[in-house]
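The lines below spell out each chain.
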Amino acid sequence: MAARDYYSRGQNLVYNRPVLVIFAVIGVFLVFDILRQVGTGTVAITDLMSYLWNGLVLGMSLGLAGVGLSMTYSILNFANFAHGDLITSGAFAGWATAFLIAGLGEFSVESLILIGGPIAVGSNELGINVVNTPLALLAGLLVAAVLTAALSLLLDRIVFRPMRSADGVTLMIASVGVALFLRNFLTYSFLTDSRGLTGGNVPQFTVAGVTFGGHQITLVVVAALLMLGTHILLQYTKIGTAMRAMAANKDLAKVTGIPTERVVKLTWIIGGGLTGCAGFLIALQQGTLTVTMGWDLLLLVFAAVILGGVGSIYGAMVGGVILGLASRLALVWIPASFLLVAAFVIMIVMLLVRPSGLFSGRTTA
């Protein structure tokens, strides 16, 4: 009887969800192919572990960057295309602070806050890394969070709040205008040159043939702590309860006495703070910074958010990690230049199989 039930369920699945079955078969085949290549020595186990580690680093970057985007969507119901440039703004604010603290007293303030630009102090002269200048990096992380939160609030007050009753498309177009303004302001202030951020002997650790960079470890640990803090905030505080209520039903939240405008402000503050931290940490891990850093990452962040479920904060976290791991594991079959293609193929597959995402759409829980 049990075997017959399993057969019946399997038959129904094949008939009702053929696309899901096809992709599940392909996934199983790919897993077995990885095991085969490792077993035959075609792919070294150390290479596979390196792919997994680098995928985790990328995934935590995308997950943390996607949390603020999901928070904005879940409460305000629009895709914020200025999110990438908020990431960049946070990175520039944080690294200007880190450079200033690391070189204060030795170099002029102007040459420090330009962050390694053509007329500024270079990163090698300051020797900034997690071992030499931990306090400067900590201060930079805090400033990145605070200033990005303040910038998010300011943009909401000037641009988005007067348009609160507009539809999502109108707000999305407005966010594109905000993105262009922020990017051009950063270009005017810092120029477009790519600048190095870290110097000195950046710590590295090799375990079983796999190299773990000190800045990579810092990103993973800090991002994990920030995600854990976000989970605690959402599940165990009144603010989190109010945010989840508004994400579920804004009109009902108003009727029950929840101060919705205050919740919106807190959403911008928390989401902006996490976005600024993400920008600072991503720049730390990459070791370079440009005015287009956030814009270049934006499509991947959107892909992670869609994979997890648009509007789901936990979905952004999990979607980012899955996307990072899967895109790096794709190196087993494809060259590195096609990694973006692999990431977006994964997103398309998710849209075909489960359009609402892993966490089934708009919820912060």
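Residues numbered from 1 in each chain as written. Predicted model: local features only at pLDDT ≥ 70, side-chain atom pairs only at ≥ 80, totals over all residues. Heavy atoms only, no water.

## Some thoughts on the overall build of the protein
(1) Moving on: Helices and strands together make up the secondary structure of the protein, namely 15 helices and four strands.
(2) Moving on: With 365 residues in all, the protein has 46% of them scored as buried.
(3) Moving on: If you take every contact in the protein between residues at least 6 apart in sequence, the share linking residues at least 24 apart comes to 76%.
(4) Moving on: Taken as a whole, the protein presents about 17300 Å² of accessible surface, with 68% of it coming from carbon and sulfur. (Helix = DSSP H or I, 4+ residues; strand = E, 2+ residues; numbered from the N terminus. Buried < 20%, exposed > 50% of the residue type's maximum accessible area, 1.4 Å probe, protein only. Contact = heavy atoms within 4.5 Å. Areas by Shrake-Rupley, 256 points an atom, 1.4 Å probe, with all protein chains shown as cover.)

## A closer look at the pattern of salt bridges
(1) Moving on: Inspection of the entire model under this criterion finds three salt bridges.
(2) Moving on: Between R161 and E261 there is a salt bridge, with the nearest N and O atoms lying 4.0 Å from each other. Here R161 is found in the loop between α7 (134-160) and α8 (168-190), whereas its partner E261 is found in helix α12 (residues 260-286), with 100 residues between them in sequence. (Salt bridge = Lys/Arg side-chain N within 4 Å of Asp/Glu carboxyl O.)

## Let's talk about the confidence of the model for the protein
A low pLDDT means the predicted coordinates there should not be read in detail.
(1) Moving on: Across the protein, the average pLDDT comes to 82, with 89% of residues at 70 or higher.
(2) Moving on: Mean pLDDT per element in the protein: helix α1 (residues 2-16) is the minimum at 56, and α7 is the maximum at 93.
(3) Moving on: In the predicted structure, residues 361-365 sits below a pLDDT of 50 and forms 25 contacts with residues beyond four places in sequence or in another chain. (pLDDT = per-residue confidence, 0-100.)

## Comments concerning the pairing of strand β3 (residues 210-213)
(1) Moving on: With four bridges joining them, strand β2 (residues 204-207) and β3 adopt antiparallel strand pairing. When the bridges of β3 are listed, Q204 appears paired with G213.
(2) Moving on: Linkage of β2 to β3, two consecutive antiparallel strands, is achieved through a turn of two residues, within which A208 is found at a positive phi near 55°. (Pairing = 2+ DSSP bridges.)

## Focus: the packing of aromatic side chains
(1) Moving on: Under the counting rule described, the total for this entry stands at eight aromatic pairs.
(2) Moving on: Consider the rings of W95 and F99, whose centres lie 6.4 Å apart with planes at 70°: the pair is edge-to-face. With W95 and F99 both in helix α4 (residues 83-103) and four residues apart, this pair spans about one turn of that helix. In this pair, the class of W95 matches that of F99, namely buried.
(3) Moving on: Ring geometry for F160 and W268: centres 5.5 Å apart, planes at 10°, overall stacked. Residue F160 is found in helix α7, and its partner W268 is found in helix α12; the two are separated by 108 residues along the sequence.
(4) Moving on: Exposure remark for F160: the relative accessible area of 2% places this residue in the buried category.
(5) Moving on: With relative accessibility at 4%, the residue W268 sits in the buried group.
(6) Moving on: Among the aromatic residues, ring-to-ring pairing joins F78, F160 and W268 into one connected group. (Phe/Tyr/Trp six-rings, centres within 6.5 Å; stacked < 30°, edge-to-face > 60°.)

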